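# Observations on chain architecture
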Amino acid sequence: MNSPLPPHPVTDAANDGEWAAELQELAYRRKRGASMGGPEALAKHAARGRLNARERIAALLDANSFRELARIAGKGSYDKEGHFKDVAPVNAIIGTGRVEGRKVMLSADDYTLRAGSSEATISDKWVYAERMALDLRMPLVRLVDTAGGSVKLLEQQGSSKIPGYSTWPVVDLLKHVPVVGVALGACAGLGAIKVLMSHFSVMVRDQAQVFAGGPPVVKQAYGIDIDKNDLGGWKVHRRSALVHNEAQDEADAFEQVRRFLSYLPRNARRVAERGPREDDPGRADDWLKNAIPRDRRKLFDPRKIVASLFDTGTIFEIGRHQGGSVITALARLDGYPVGVMCSDPRVAGGAMTTKSAWKIERHVKMCDTFGLPIVNLVDQPGNATGPEAELDATLLGAVRVLTTIEDVQVPWMSVILRRAFGLAGGLHAPKYFPALNHRVAWPSARWGSIPVEGGVKAAHRQEIEGAEDPAARQAELEAYYNRIGSPFRTAEKFGILDIIDPRETRAFLCDWIEDAWEAMLARRVGRAV
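Residues numbered from 1 in each chain as written. Predicted model: local features only at pLDDT ≥ 70, side-chain atom pairs only at ≥ 80, totals over all residues. Heavy atoms only, no water.

So, on to the packing of aromatic side chains. Two descriptors summarise a pair of aromatic rings, namely the distance from one centre to the other and the angle between the planes of the rings. Throughout the structure, instances matching the rule amount to 9 aromatic pairs. When the ring of Tyr-480 is compared with that of Tyr-481, the centres are 5.2 Å apart and the planes differ by 70 degrees; the resulting orientation is edge-to-face. For Tyr-480, a relative accessible area of 42% gives the class partly exposed. On the accessibility criterion, Tyr-481 (31% relative accessible area) is partly exposed. (Phe/Tyr/Trp six-rings, centres within 6.5 Å; stacked < 30°, edge-to-face > 60°. Buried < 20%, exposed > 50% of the residue type's maximum accessible area, 1.4 Å probe, protein only.)

Okay, here's the thing in structure tokens:
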């Protein structure tokens, strides 16, 4: 630990002038704040293979861009005559910096000071950072590594505190500025909320955990012994959907943060930046003509299609391992940032499940908040069915999607690749006036109240069972209904804007996004702050 200042500092008046003592005290207080938990605690933290809070800030932000705020906040000690003796720093580090040139507010937990617990901090400090992000309308990044609260706080305060921070604008922030939560260690209680109350969250594999209460709390409450990773690690939350993404290490987590922010504007009143135009809008990959198998029971690779249609190298997927029957991502079309959704028939047959509905809902809300036009690539067989699906209230998830997409104010384009059946199939885009249900389809597309295969068996059960060759009769009926259900017949009656060659899709979308962007700009003029 650094030696504290003597009660009456001796200064070099020739160099520091009349305020030498105060300037020396200021320098010392800053040095103590920068010392964090001290050499021993920092060495112990490094031995675990982890960056400390200041190293994390340096790894995320552009070089030399961090402007720290509240550098000398802490717990001071004074002699009986009121002279300054020393100050213990707090475990909240706040300030502004730049991420690839874009200004952000940053709040980082210092685990080397009492494991980042709230007992070693001044909550007003990190709350002020978040209020400043809201007031100045700049993105907020939280680097979370906190063990949560402690009963020792009772002893320090001499009384208990009802949970909550009345001046924390945690909900309002989500309406106005991009918020990112990065889980870098055990994030319990308040730490978990800091990660989850965000537009994008990421956790480091085998290093971060997110839970309401850690193993000791679980042991006390339920008598269960459980490892912290088994309780709230990445393998748990890649399925729970609590945290969007996982990262191999801290460097990967920070790179994901940079990529996410690159698609978004500074705040909900601004527009995102158009990126480099390095991919030909007219590029047409010939293999797309056979991307959808003629046999509708066969699967296809939706991510390969997504990669073909959007600017090369610009796909940033969010929540890959959650609600897997739908892919959600950010990408670019001719440089313009867009939100992307695409059905994945390899998971639950592409059906809408409760988790995929939740995934759609939060992705659409985020895109709408920050003015990103949405492209939906559709292969939707309908809502998941069966006892488990009903117990999971799958239809309630669909209703939430309905109420979400009908409030959308950004342009929306749907491309129906293969199926659009039932309630979930109808949720491929906003469709109630004044929304424009702008959609096209590939020749492989089919739609209706139910798929032909299941519908034929239900409607013609007796005829099929009584046939000399039931399988052949069922095939004949399916072929008949598929001819009637041809997408060309729908297009004849203008039930859909157009049927397009799959190879034309990228050029079609790149032409649309130019106008969609202008429309989005016009709609956002005059929006309330």
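Having put the structure on the table, let's press on.
What follows deals with unusual backbone geometry. At Ala-241, a residue that is not glycine, the phi angle is positive and equals roughly 75 degrees. Along the chain, Ala-241 turns up in the loop between helix 11 (234-240) and strand 11 (245-247). (Helix = DSSP H or I, 4+ residues; strand = E, 2+ residues; numbered from the N terminus.)

This brings us to the packing of helix 14 (residues 354-369) against helix 16 (residues 394-405). For the pair helix 14 and helix 16, the least separation of the axes is 8 Å and the interaxial angle reads 15 degrees. Classed by the angle they form, the pair helix 14 and helix 16 counts as roughly parallel. With respect to the hand of their crossing, helix 14 and helix 16 are arranged in left-handed fashion. Between helix 14 and helix 16, the contacting residues are Thr-354, Ala-357, Ile-360, Glu-361, Val-364 and Lys-365 on the first element and Thr-394, Gly-397, Ala-398, Arg-400, Val-401, Thr-404 and Ile-405 on the second. Looking at side-chain class alone, the contact of helix 14 with helix 16 contains 6 nonpolar, 4 polar and 3 charged residues. (Axes fitted to C-alpha atoms, helices over the stretch in contact; angles between N-to-C directions. Parallel < 35°, antiparallel > 145°, perpendicular 65-115°, else oblique. Left-handed = near helix turned anticlockwise from the far one by under 90°. Contact = heavy atoms within 4.5 Å. Nonpolar A, V, L, I, M, F, W, Y, C, P; charged D, E, K, R; others polar.)

As a further point, take the pattern of salt bridges. For the coordinates displayed, the defined rule picks out 33 salt bridges. Put simply, Glu-100 and Arg-102 hold a salt bridge, and the shortest N to O gap is 3.7 Å. A salt bridge links Arg-238 to Glu-246, with the shortest nitrogen-to-oxygen separation between them at 2.9 Å. Look at Glu-246 and you get buried, because its relative accessible area is 15%. The network of salt bridges with common partners includes Asp-279, Arg-283, Asp-285, Asp-311 and Arg-506. (Salt bridge = Lys/Arg side-chain N within 4 Å of Asp/Glu carboxyl O.)

Turning our eyes to something else, we now look at the pairing of strand 2 (residues 74-78). Strand direction decides the pairing type here: strand 2 and strand 3 (residues 84-89), joined by 5 bridges, are antiparallel. Across the sheet, Gly-76 pairs through a bridge with Val-87, a residue of strand 3. (Pairing = 2+ DSSP bridges.)

The next subject is a negative patch on the surface. Side chains of Asp-511, Glu-514, Asp-515 and Glu-518 sit close together on the surface and give a patch of like negative charge. Take Glu-518: it is sitting in helix 22 (residues 505-524). (Patch = residues over 30% accessible without salt bridge, like charges linked within 9 Å, V, L, I, M, F, W, Y side chains within 5 Å. Areas by Shrake-Rupley, 256 points an atom, 1.4 Å probe, with all protein chains shown as cover. Lys, Arg positive; Asp, Glu negative; His and termini not counted. Charge placed at Lys NZ, Arg CZ, Asp CG, Glu CD.)

In this fold, Asp-62 is placed in the loop between helix 4 (53-60) and strand 1 (67-69). The spacing of Asp-62 and Glu-100 is 38 residues in sequence and 6.2 Å in space, taken between C-alpha atoms. Once you skip the residues sitting within four places of it in the chain, Asp-62 turns out to touch Arg-98, Val-99, Glu-100 and Gly-101.

In this structure, Leu-143, Val-182, Phe-260 and Phe-310 are the most contacted members of the largest nonpolar core, which totals 82 residues. In terms of residues, this core owes the most to one element, helix 22, which gives 7 residues. Apart from the residues lying within four places of it in its own chain, the contact partners of Phe-310 are Asp-279, Arg-283, Ile-315, Ala-331, Arg-332, Leu-333, Val-338, Val-340, Val-375, Leu-377 and Arg-506. Ile-94, Met-105, Ala-133 and Val-177 belong to the second largest nonpolar core, which has 11 residues in total. (Core = buried A, V, L, I, M, F, W, Y, C linked by side-chain atoms within 4.5 Å.)

These values are about where atoms sit, not about what they do.
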